[in-house]
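Fold and contact review
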Amino acid sequence: MAGSERIFLQAIRRYCAGHGIAVEIRSGGWLIAMRRGATCRFAFGYDIGLNSAIAHRLANDKSAAGEALSLAQVPCVPHHLFLNPSLGVHVAGTAWHDAMLALLAQNPQGVVVKPNEGTSGRAVFKVTNRNELDRAMTEVFSSSLGLVIAPYVEIEDEVRVILLEGRPMIVYRKERPSVTGDGVHTLHELATAAGHGRQLRELEARETKNVLAKGERRILNWRHNLDAGAEPVLMDDGEVRAACVKLAADAASAIGITFASIDVVRVDGAWRVLEINSGVMMEALAKLHPELVHATYDAALDRVFGED
Ligand SMILES: Nc1ncnc2c1ncn2[C@@H]1O[C@H](COP(=O)(O)OP(=O)(O)O)[C@@H](O)[C@H]1O
Ligand SMILES: [Mg+2]
């Protein structure tokens, strides 16, 4: 059904139709075979097939990506890996819970617990005490073999850079949903009126009943995922954009990745890498900037079919 078809798939269909390439779709739309003469290329998930197997694996593994970036001295948020204890003591060891508690103790501002290979902000928890840690751990281990713990950092800005062979194709800031107080309405009323009703789940119920002071800005979700309500805002040329692109290009070069979306964050005024995604997913961005999304996939597919 065209209405529910992924933008990724639509972009591939469009490109292929214009280039005499036959497309066959399998696995409910996740596997795409593109055939021209004797040449057959595959796209899988959001992977268009330009990255080496090792670059893809490093990017998708938050812990390994962090280690590889540290080796290349690219500043990044560290992610400490814990394997699921269901894999057995030979794999997961015995001291994992103490090590988790030690990380929590070393970071009084809190830690973030998430799946090592997660995407879209699913099962990403901020925890500040042992009970929250145990709840988050149980939730992540219920569906993932690997869990990572990162120190919680106060993110001033998060920027996504979509890179193709070191060239920035799209660069945008992620603007989290927020409301500004008027001294009359409660946080609950302001958020509902602004269409951010679903964000109320993220907040303490007690807090939402308070009237927000006039002019006070309240961010409604600590995470920057577009799937969690953040809005992409394209960045203008300038020093900040250039700094983000340089950092993303360094990160891409450190793990040898060709086509990727790289998230960089500003913490205490300094930029560092938060994560690298080897699959370039632009479903939410395409609602606002379809032409940029198509141009980016077209350029990547030109590379796939050797049409530079
Ligand atoms: N260590 C951290 N400190 C503060 N915020 C974080 C941290 N890790 C993740 N976040 C927030 O959570 C969001 C999702 O985390 P991320 O590592 O990108 O996982 P995913 O792959 O699920 O998107 C980020 O966009 C960021 O806003
Ligand atoms: Mg992310």
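Structure: above.
The following refers to the structure shown. Predicted model only: the values in this text are computed from it and were never measured.

Quick notes on the environment of Gln-199
Its place among the elements puts Gln-199 in the loop between helix 7 (187-193) and helix 8 (205-208). Between the C-alpha atom of Gln-199 and that of Ala-105, which follows or precedes it by 94 residues, the distance is 29 Å. Ignoring anything within four residues of it in the chain, the contact list for Gln-199 reads Pro-177, Ala-191, Leu-220, Asn-221 and Gly-229.

A short note on the site of ligand 1
The environment of ligand 1 is made up of 21 residues, and the closest members are Val-112, Gly-118, Ala-150, Arg-223 and His-224. Of all the secondary-structure elements, those providing two or more residues to the shell around ligand 1 are strand 5 (111-115), strand 7 (146-151) and strand 14 (270-277). Grouping the constituent residues of the shell around ligand 1 by class yields nine nonpolar, six polar and six charged.

Here we look at helix 6 (residues 130-141)
Its twelve residues place the ends of helix 6 16 Å apart at the C-alpha level, agreeing with the 16 Å of an ideal helix rising 1.5 Å per residue. Listed as buried for helix 6 are Leu-133, Ala-136, Met-137 and Val-140. All buried residues of helix 6 lie within an arc of 100° about the axis, which places them on one face of the element. Residues Asn-131 and Thr-138 are exposed on helix 6 and point more than 90 degrees away from its buried face. Buried residues in helix 6 make contact with helix 5 (96-106), strand 5, strand 6 (125-127) and strand 7.

Here's the deal with the packing of helix 5 against helix 6
Look at helix 5 against helix 6: their axes get within 11 Å of each other, and the N-to-C directions meet at 130°. Put simply, helix 5 runs oblique to helix 6. When you trace helix 5 past helix 6, the crossing you get is right-handed. Packed against helix 5, whose contacting residues are Met-100, Leu-101 and Leu-104, the element helix 6 presents Arg-130, Leu-133 and Met-137 at the interface. Across the contact of helix 5 with helix 6, the residue classes tally to five nonpolar, no polar and one charged.

Parameters at a glance
Residue numbers restart at each chain and count upward from 1, following the sequence in its written direction. Written order decides the labels, with chains lettered from A and ligands numbered from 1. Note on the predicted model: pLDDT of at least 70 is required for a residue's local features to be given, and 80 or more for side-chain atom pairs to be given and counted; whole-chain, interface and lining totals, by contrast, use all residues. Counting from the N terminus, the helices are the DSSP runs of H or I reaching at least four residues and the strands are the DSSP runs of E reaching at least two. Residues are scored as being in contact if the C-beta atoms we place from backbone atoms lie within 7 Å. Nearness is defined per residue: the C-beta atom, placed using the backbone, must lie within 6 Å of the molecule or strand. Ten residue types, Ala, Val, Leu, Ile, Met, Phe, Trp, Tyr, Cys and Pro, are classed as nonpolar, four, Asp, Glu, Lys and Arg, as charged, and the remainder, Gly among them, as polar. What a helix is expected to span follows from its residue count: subtract one and scale by 1.5 Å. With C-beta atoms placed from the backbone, the exposure class of a residue follows from how many other C-beta atoms lie within 10 Å of its own: 20 or more, buried; 12 or fewer, exposed; in between, partly exposed. Working definition: the arc comes from the directions between the helix axis and the C-beta atoms, pointing outward to the latter. Fitted lines through C-alpha atoms give the axes, limited to the stretch in contact for helices. The angle between two N-to-C directions lies from 0 to 180 degrees. Any angle from 65 to 115 degrees is called roughly perpendicular, while one under 35 is roughly parallel, one over 145 is roughly antiparallel, and all others are oblique. Handedness of a helix crossing follows the sense of rotation of the near helix relative to the far helix, less than a right angle counterclockwise being left-handed and clockwise being right-handed.

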